[in-house]
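In case you want the letters, here they are:
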Amino acid sequence: MSCRVESSFKMAKMAASMLEHGEDAFRKLFKFYKRRNPPPDFSEVIDFSKGSKHEKVFSTELSPAAVGENEARKAGLQPVREWKAFGLKGYPGFIFISNPFLPGSQQYWVKQCLKVYLQKPNVCNLDMHMTAAETENIWEKSTQLMRSKGSGKREPKTLLEKLRWVTLGYHYNWDTKMYSAEHHTPFPADLHSVSKHVAAACGFPSFTAEAGILNYYHSDSSLGIHVDESELDHTQPLLSFSFGQSAVFLLGGTKREDPATAMFMHSGDIMVMSGHSRLLYHAVPRIVPAPAAAPLPPCLLQGPERSAPEDSLVRRVKEEDWEVCTRYMRTSRVNMTVRQVLGLGQAFPSGETRIQTLSAFSKDSAEGGENINSKKRKSSSDGYGES
Ligand SMILES: O=C(O)CCC(=O)C(=O)O
Ligand SMILES: [Fe+2]
């Protein structure tokens, strides 16, 4: 029996045992990949960095003419004609772009996530139980402590290490699961620009980045099964950018219990959920840290080939800042999801409609019933369901 057949056999056995135990396919797969002891077999996880070898994966054409080469370069992206984009059979509207970043530009986005986007007026998990003065200058306070710290595990965690999420633009309310006109601050121009280019290349030229959720994962973090449906316009895609350690991402169906497909997200990868795939359940059961001997992927260590032109949005990261970023990223993954909230000319509904929308969402959360499913609620203070 070949390895491949053997693992299909294992999967079939796993599927049969799921039915026996009355647990749905997605939750079972989530637990399978989250398991620590013994660690799971990752051989069934699709790896887009290996191209379209997997039976479910096919190469897909994007629209190179939608983004000028110069515009792409300014946002730290290769020309669109160079991007390696894939689709997944059975998931129309799902597009996976395998690291389209120019050498050195991933470093810029990592630095923005760790040093810039967490600053006010943006909102982060630490704001939920700390004063405004305490959450000011998170980067400066953390780097000071990191420099004076030894390697002892007992030392207090820096604020940066306690950071779990940041919201941008229309700030997602984890309790009501809604956005509102009142809770809005300007969306970062650089992230707006890179998002606009990615969406345009994927056939969504009118996409406007209005809300962002940044998730900060450590080796034992996971993100529960959920669907992102709070945005009012679902005709626009959801974009997801990953940096640092790799993750196993599970893409399910329109119902929480539908079976899911597992795939790796590596540093620099971008995922676009549009059309039918915009409202599919998904989760991140596991971060897969690189071996200790080479903790950071080469594409993240790579500096820029030449210094950025004057008009570039993506600037070279100062050495002293990058030193802190590498320390953090050795065991972490940062993910940025970017969403359009309102359709063209659309406004937030009146109070009455809002209550109706809210009750539709509460039904969804009531079905969950387990910790890992309450991502949005748990995140209001502590982040994800970590083991
Ligand atoms: O970290 C990821 O890859 C997924 C993040 C996500 O699904 C979310 O923020 O809604
Ligand atoms: Fe999501």
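Residues numbered from 1 in each chain as written. Chains lettered and ligands numbered in written order. Predicted model: local features only at pLDDT ≥ 70, side-chain atom pairs only at ≥ 80, totals over all residues. Heavy atoms only, no water.

Some points on the packing of helix H4 (residues 105–116) against helix H9 (residues 319–329)
Alright, step 1. Two numbers describe how H4 lies on H9: the axes approach to 10 Å, and their chain directions differ by 85°. Put simply, H4 runs roughly perpendicular to H9. Between H4 and H9, the contacting residues are Gln107, Val110, Lys111, Leu114 and Lys115 on the first element and Asp321, Trp322, Cys325, Tyr328 and Met329 on the second. (Axes fitted to C-alpha atoms, helices over the stretch in contact; angles between N-to-C directions. Helix = DSSP H or I, 4+ residues; strand = E, 2+ residues; numbered from the N terminus. Parallel < 35°, antiparallel > 145°, perpendicular 65-115°, else oblique. Contact = heavy atoms within 4.5 Å.)

Some details on the coordination of the iron ion (ligand 2)
Alright, step 1. Protein-derived coordination of the iron ion (ligand 2) comes from His226 (NE2), Asp228 (OD) and His282 (NE2), at a distance range of 2.1 to 2.2 Å.
Alright, step 2. In the primary sequence, the donor residues of the iron ion (ligand 2) line up as H-x1-D-x53-H. You can see Asp228 sitting in the loop between strand E7 (223–226) and strand E8 (238–244) and its partner His282 sitting in strand E12 (residues 282–288), a full 54 residues away along the chain. One exposure class covers both Asp228 and His282, and it is buried. (Donors = N, O, S within 2.8 Å, 3.2 Å for Na, K, Ca; no water. Buried < 20%, exposed > 50% of the residue type's maximum accessible area, 1.4 Å probe, protein only.)

Considering the site of ligand 1
Alright, step 1. The full set close to ligand 1 counts 15 residues, and Asn215, Tyr217, His226, His282 and Arg333 are the nearest of them.
Alright, step 2. In the model, an oxygen atom of ligand 1 is placed 3.0 Å from a nitrogen or oxygen of the His282 side chain.
Alright, step 3. When residues in the shell around ligand 1 are grouped by element, the largest group, four residues, is from strand E13 (residues 332–339). (Near = heavy atom within 4 Å. Polar contact = N/O pair within 3.5 Å; in protein donor to acceptor, adjacent residues only side chain to side chain.)

Describing unusual backbone geometry
Only a minority of non-glycine residues have a phi that is not negative, and only a minority of peptide bonds are not trans.
Alright, step 1. Residue Asn37 is joined to Pro38 through a cis peptide bond whose omega torsion reads -5°.
Alright, step 2. Within the secondary structure layout, Pro38 lies in the loop between helix H2 (25–34) and strand E1 (57–59).
Alright, step 3. Following Lys120, the chain continues into Pro121 via a peptide bond in cis, with omega recorded as 10°.
Alright, step 4. Note on placement: Pro121 falls in the loop between H4 and strand E4 (123–124).
Alright, step 5. Although it is not a glycine, Asn137 adopts a positive phi angle of roughly 50°.
Alright, step 6. Within the element layout of this structure, Asn137 appears in the loop between E4 and helix H5 (138–148).
Alright, step 7. With phi around 60°, Lys177 is a residue other than glycine that occupies positive phi space.
Alright, step 8. Within the secondary structure, Lys177 is located in the loop between strand E5 (165–169) and helix H7 (189–201).

Quick notes on the sheet that holds E7
Alright, step 1. One open sheet holds the four strands; their spatial order is E7-E12-E9-E10, and the pairing between them is antiparallel. Single-partner strands in this sheet number two, and they are E7 and strand E10 (261–265). Within this sheet the neighbouring strands show an average axis-to-axis angle of 25°, counted without direction.
Alright, step 2. Against the sheet, H2 contacts E7, strand E9 (246–251), E10 and E12, and its axis sits at roughly 15° relative to E12. (Pairing = 2+ DSSP bridges.)

Quick notes on the UniProt feature "binding site: Fe cation" (unreviewed entry) in the protein
Alright, step 1. Within the UniProt annotation, "binding site: Fe cation" (unreviewed entry) is assigned to His226, Asp228 and His282. In summary, the annotated positions, though distributed over 57 residues, converge in three dimensions, the widest C-alpha pair being only 8.9 Å.
Alright, step 2. Residue placement: His226 occurs in strand E7.
Alright, step 3. Judged by its relative accessible area of 6%, His226 is buried.
Alright, step 4. At 2.8 Å, the side chain of His226 and the backbone oxygen of Gly224 are in polar contact.
Alright, step 5. Here His282 is in contact with Phe26, Gly224, Ile225, His226, Val227, Asp228, Phe249, Leu250, Leu251 and Met273, once residues within four sequence places are set aside. (UniProt positions renumbered as here; feature names shortened; annotations may be inferred.)

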